[in-house]
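# Architecture and fold: a report
These are the residues of each chain, in order.
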Amino acid sequence: MKPAKFFSLIVAVLIALPAGLAMAIPQGWTTDYEAAKTAAAENNRSLLLYFTGSDWCPPCIALKQEVFLTEDFEAEGKENYELVYLDFPQLVPQSQELIDRNTALAERYAISVFPTVILADAEGLPYAQTSYQPGGPKAYLKHLADLQDNLSLRDRALTRAAEQEGGAKAKSLDKAMSVLDPGVAATHYPDVIDDIIKLDPENKLGLKSKYESALVGAQVDAGVQTAIELFQAGSPDKAQGELDRILSEYNPKGENRQFVLAMKGQMRFQVGDTDSAFRLFEEAIAVAPASATAAEIKQILRSVRP
C-alpha cells in the first residue's frame, strides 16, 4: 500500500461535498472497459483507468477540474491513452449494470482509495499507479509519460528473463517487477512472483524474502478492501473484525501494519468513538514514526482533534 493513499482515503471520508459538484464524463473518455481494451490493442496505446468519486471526493474533483477537463489534457491525453472513467458517486444515480461493472473492476485492481489512476497495457495488466498530483495538466501529462517508461522497462526485462535460467533469470524477473509498486506486482503478476521465489529458495539473492513480504502486503490490501466494504455496508463491527484478522493472521510489519491500524482508527472515528480512534492513530504513528504515512496521520489529527 503506497503511503500517499492513506491521506486521500481519510480526506474522502471526512469531507462530504454537495452533489452539484459532480460533473459529466469528460470529453474523450469512455465507461466501457472492454471496448477500451480493444481500442488500446488496435491503436497501440495504454489504458488510463480513472477511479473516482465524482460527488464526494475532493482530490478526485480537483484532479478532474485541474487536469482532465483542460484543453491541454483533452488534446494530448486522448492521443496517447484509451481513457476509462470509473465513477463511484454517493448521490448521483447510476444503472445497476454500470455499478456492477465498476465494482468488479475496483476489486480486480484492488482499489481502496480515490482517486486512483492506473496505467495498464492492452491486456489490462497494470504497470503504473498514481493519484492526484498538483501542477496542472502539463505537469500531469509529463508525470504520466514518465510512468509509461515502466512498460518498456518491464517488457525488456521479461524478454531477457525468458532466455535465462537460475539466479540470472530471477534477477531479470525482479528487474521487471521492480518498476511496479510491490502491491501491484503481487496482485497482478502472481506467476512471476512465484517463479522468483522458486528461483531463490534459500533467499541467497534476497528475493524470496522481498516478494514474500510483497505477497503479505497484497493480502493486507485485499483484507482492508473487504473491511472497507463491510463498513460501507453498515457492518462496522464486522469491518473491525476483518482488520483484527489481518493483524493476527498476517502479522504485517512496518507501514503495512501502520496502515491497518490507521484504518481501524478511521472507522472508530466514523462511528463516534474518538478516544479509541485517537489511540489507534497514535499507535499507528509509533510503528514507523518517520514514514510519510505517519506524517499524513499527524496532519489528520491536527485537523480533527480538539
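Reading guide: rules and limits
- Residues numbered from 1 in each chain as written.
- Predicted model: local features only at pLDDT ≥ 70, side-chain atom pairs only at ≥ 80, totals over all residues.
- Heavy atoms only, no water.
- Buried < 20%, exposed > 50% of the residue type's maximum accessible area, 1.4 Å probe, protein only.
- Helix = DSSP H or I, 4+ residues; strand = E, 2+ residues; numbered from the N terminus.
- Arc of directions from axis to C-beta.
- Contact = heavy atoms within 4.5 Å.
- Core = buried A, V, L, I, M, F, W, Y, C linked by side-chain atoms within 4.5 Å.

## Considerations on helix H2 (residues 33–43)
- Within H2 the residues assigned to the buried category are Tyr33, Ala36, Lys37, Ala39 and Ala40. In an axial view of H2, the angular spread of the buried residues amounts to 165 degrees, which keeps them on one side of the axis. Relative to its buried face, H2 has exposed residues pointing more than 90 degrees away, namely Ala41 and Glu42.
- In this structure, the buried residues of H2 make contact with strand E1 (46–52), strand E2 (81–87) and helix H5 (96–108).
- Two residues or fewer past H2, asparagine 44 is found with a positive phi of approximately 55 degrees.

## Re the nonpolar core
- Membership of the largest hydrophobic core comes to 57 residues, with the highest contact counts inside it found for Leu48, Phe51 and Met177.
- Ranked by the residues each element gives to this core, the list is headed by helix H6 (residues 136–162), at seven residues.
- Here phenylalanine 51 is in contact with Leu86, Phe88, Leu105, Ala106, Tyr109, Ile111, Phe114, Pro115, Thr116 and Ile118, once residues within four sequence places are set aside.
- Among the nonpolar cores identified, the runner-up in size contains 23 residues, and Ile246, Phe259, Ala262 and Leu301 belong to it.

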